[in-house]
Structures are given as structure tokens and as C-alpha cells.
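Reading the structure
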Amino acid sequence: MEKFKTLTSSVVPLPIENVDTDQIIPARFLKAVDKEGFGDNLFADWRYQKDGTPKSHFVLNNPTYSGSILVAGKNFGSGSSREHAAWAIGGYGFKVVVCSFFADIFKNNALNNGILPVVVSPEFLNDIFQAVEENPQTTLTVNLEDQLITNNANGASESFEINPYKKECLLEGLDDIDYLLSKKNLIEAFEQSRI
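Structure report, in brief.

What counts, and where the lines are drawn
Residues numbered from 1 in each chain as written. Predicted model: local features only at pLDDT ≥ 70, side-chain atom pairs only at ≥ 80, totals over all residues. Heavy atoms only, no water. Pairing = 2+ DSSP bridges. Helix = DSSP H or I, 4+ residues; strand = E, 2+ residues; numbered from the N terminus. Axes fitted to C-alpha atoms, helices over the stretch in contact; angles between N-to-C directions. Buried < 20%, exposed > 50% of the residue type's maximum accessible area, 1.4 Å probe, protein only. Right-handed = clockwise from strand over helix to strand, strands pointing away. Parallel < 35°, antiparallel > 145°, perpendicular 65-115°, else oblique. Left-handed = near helix turned anticlockwise from the far one by under 90°. Contact = heavy atoms within 4.5 Å.

1. Observations regarding the sheet that holds strand S7 (residues 156-159)
In space, the seven strands of this open sheet follow the order S4-S3-S2-S1-S5-S6-S7, with mixed pairing throughout. The two strands at the open ends of the sheet, each matched to only one other strand, are strand S4 (116-119) and S7. Direction aside, neighbouring strands of the sheet carry axes that sit 30 degrees apart on average. With five bridges connecting them, strand S1 (residues 6-14) and strand S5 (residues 139-143) associate as antiparallel partners. Paired with Thr8 across the strands is Thr141, a residue of S5.

2. Comments concerning the pairing of strand S2 (residues 69-72)
Of the two faces of S2, the one carrying Ile69 and Val71 and the one carrying Leu70 and Ala72 are both buried. Note that S1 and S2 share four bridges and pair parallel. Note on S2: the bridge partner recorded for Leu14 is Ala72. Sheet topology note: the S2/strand S3 (residues 96-99) ladder contains three bridges and is parallel. Following the sheet pairing, Leu70 is matched in S3 by Val97. What joins S2 to S3 is helix H3 (residues 84-92), and the crossover it makes is right-handed.

3. What to know about the packing of H3 against helix H4 (residues 104-112)
Helix-helix packing is characterised by the crossing angle of the two axes and by the distance between the axes. Here H3 crosses H4 at 50 degrees, and the two axes come no closer than 8 Å. Relative to H4, the element H3 lies oblique. Relative to H4, the crossing made by H3 is right-handed. Counting all contacts with H3, which are made through Ala85, Ala86 and Ile89, the residues of H4 involved are Phe106, Asn109 and Ala110.

Listed below in C-alpha cells is the structure:
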């Protein structure tokens, strides 16, 4: 995984509440066993017509919006526990998802795949949506070390919570196995002390 410290990016707004994992990546795409290609099918039913042509009204097909931060409505990632939803978001190029509430399993799957889920207050979320509506080039800065997100349109900031272990993994670019391997000497020393 890539190390994550601070990211400043324009955003893709998705002001839809209760987005579940089947909407993020429909079940018919779950046959693959690795992460490759999932970004192509992110929000497939909202993004494409049945014949595969893009739906012009959907935000991912609108060239006005781009960036590596997805800003979503409340209750993002509910539904089944499929890790493929995080794969699709990461495969599309998003490094951060911001909303006011995430389903727990989705949140953990995102963290395990190097995607930072940032929970903000409903007021701060609405402030972001309004700023992006007024200026689609609005940027956010997400500082993981300080656990701070800033709306650069007006300078408003809000702190966010993250599990300390997952924070360390993201900062160092480690998945769970890499983290254990990074502690190999400590583990071996502990084992030796138990003999």
C-alpha cells in the first residue's frame, strides 16, 4: 500500500444517502478474485446504460468533477460485507471517502485496502456539498497525522477519528501482514523470553 500522510484534492460529490455495497459494486461483478478492474465497474448500474454506454447525468461521467476524494451522503457502504466495494473505490482512484456515517464493515474493508474513510458532522458534510456546488474545483485537505479535514473553499476544519492501529498502517503504507512482518524482531524477542 502507498503511505498516506496528507492529501489535497478536488472532490467528486455523491449526495445520495444509504448507498449500499450492491450499488457500489453490483453482485454480478464479484466473480473475480483479485482487485484488478473493479474500478471500471464502480457504481455500474448508476453509471452505465444496459448497453454499456455512459449515463451522462451520473457524476462519475461528468467531466466537471474529478479528484481522489469521494464525498458521499450519510450511511455509505451498508449492505453486504463484500470487500469488493473497497476494491472498486480504490480501483477507480479514490484515496479518501468522506461522509457523516459509514457502515462498520465497509469502513474496515476500506482501511484494510488503503482507503481512508473520514467521518464528519452532517453540518460539515453539507458545507462541503454547498462549496462544491458553488465551485466544482473546490478542494479538501485531509491530514491523517493531525486527523484533520479542511474545506479549502472557506478554511473550515474538523477533526476525525481513526483507530490508532489503522492510522499507523496507513501512515507507513502497511497492510496487516506487512505490519506483523515489521514487528518480526519484537515477536521473536518475546518468543525467546518465554522459553
